[in-house]
Amino acid sequence: NSSDPSPPSFTLASIPGLEVAHFWMAILLCSMYILAVTGNCAVLFIVKMEPSLHTPMYFFLCMLAAIDLTLSTSTVPRALSLYWFSTTEIGACLVQLFFIHTLSAIESTVLLAMAVDRYVAICHPLRHAAILTNAATVKIGLVAMARGVAFFLPLPLLLLPLPFCSSRVLSHSFCLHQDVMNLACANTTPSVVYGLTAILLVMGLDALLICLSYILILKAVLRLASWKERLKVFSTCIAHICVVLAFYVPLIGLSVVHRFGKDLPPLVHIIMGNIYILVPAVLNPIIYGVRTKQIQRRILNLI
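Residues numbered from 1 in each chain as written. Predicted model: local features only at pLDDT ≥ 70, side-chain atom pairs only at ≥ 80, totals over all residues. Heavy atoms only, no water.

> How should empty space enclosed by the protein be read in this particular structure?
Empty pockets left among the atoms are what a rolling probe the size of a water molecule brings to light. Scanning the model with the defined rule gives 1 cavity of 30 Å³ or more in all. Approximately 40 Å³ is the volume found for the largest cavity. Residue lining of the largest cavity: Asp68, Leu71, Ser104, Glu107, Phe247, Tyr276 and Pro280, and that is the complete set. When residues of the lining of the largest cavity are traced back to their parent elements, those giving at least two are α2 (56–73), α4 (93–123) and α12 (266–291). (1 Å grid on protein atoms, 1.4 Å probe; cavity = no way out; pocket = protein on both sides within 12 Å on 5 of 7 lines; lining within 4 Å. Points joined across faces, edges and corners; volume = space filled by probe spheres on them. Helix = DSSP H or I, 4+ residues; strand = E, 2+ residues; numbered from the N terminus.)

> Explain the state of the cysteines to me, please; I cannot follow it from the model alone.
Covalent bonding between the sulfur atoms of two cysteines is what defines a disulfide. Within the structure shown, the criterion is met by 1 disulfide. No disulfide involves Cys62; its sulfur sits 11 Å from that of Cys41, the nearest cysteine. Left without a disulfide partner, Cys242 is nearest to the cysteine sulfur of Cys237, which lies 11 Å away. By relative accessible area, Cys242 is classed as partly exposed at 34%. (Disulfide = S-S within 2.5 Å. Buried < 20%, exposed > 50% of the residue type's maximum accessible area, 1.4 Å probe, protein only.)

> Can you walk me through the UniProt feature "transmembrane region" (unreviewed entry) in the protein in this structure?
What UniProt calls "transmembrane region" (unreviewed entry) maps, in this numbering, to residues 20–46, 58–85, 97–116, 128–153, 192–217, 238–261 and 267–290. Across residues 267–290, helical content stands at 100% and strand content at 0%; the span's end C-alpha atoms are separated by 32 Å. (UniProt positions renumbered as here; feature names shortened; annotations may be inferred.)

> Would you take a moment to explain the nonpolar core for this structure?
Side chains of nonpolar character tend, in soluble globular proteins, to be buried together. Ranked by size, the top nonpolar core spans 79 residues in total, and within it Leu111, Val180 and Tyr288 carry the most contacts. If we skip the residues at most four places from it in the chain, Leu111 touches Leu64, Ile210, His240, Val243, Val244, Phe247 and Tyr248. (Core = buried A, V, L, I, M, F, W, Y, C linked by side-chain atoms within 4.5 Å. Contact = heavy atoms within 4.5 Å.)

In structure tokens:
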């Protein structure tokens, strides 16, 4: 393959042999996107309108909702144009790549902040209001944004000067760093090393600290006198645990597919990519809607 010095544009992956099913694939994707947008907008509206939810935990939930809205909107409409109108070429691939990885890093940081919130609320309840104030919550949100940008802005910048081969067909219906990097006709070692380092220092470190926070929470819960009291206290963490799993399980699954699934059918790569983008955005509002009586009440009133 020869290299092309023009600005990089890439071809989004369709489903080989299943072109006739693209319309129905798009219907499913569009339905999930509408559900994600509706659910996350509802969370933002309900938290704004319900004074009892003006607490750090639900401000963090609003941050997750805003992140999921931005992430799904920056990817799904472009994928829908692929399935409905067969517009396979994407020119702003590196821009989309930046948004996907940066927003994922911000979401990981917010999930860690929510874990810290649960730790302080359970292990140091008398100090919770003094430690996690509204001002502190805003600062955490700003730090999460700065951290995501600082760690993942170099990803597209490292790819930008590379020559890309004439075959620029991606494995997904959106742009991911490892997927784009594999199409370069040059030494990608700096990009490989930096990408792995960024993932480990952000998502990897966050996951480790979240696990540590729950180990400390479990130790505190097990010191309580009765099982009924233990279950009551730990039940306040169930929603957050589900949200953490909804984020990290698709992330790990997509990483495993990229690392070990080169021989898997293209359909597997496409499905795993869509799960990674849409499952957290769809599930997060449902999880907190089921677990929060104020949100349930507001939804019933709206209906």
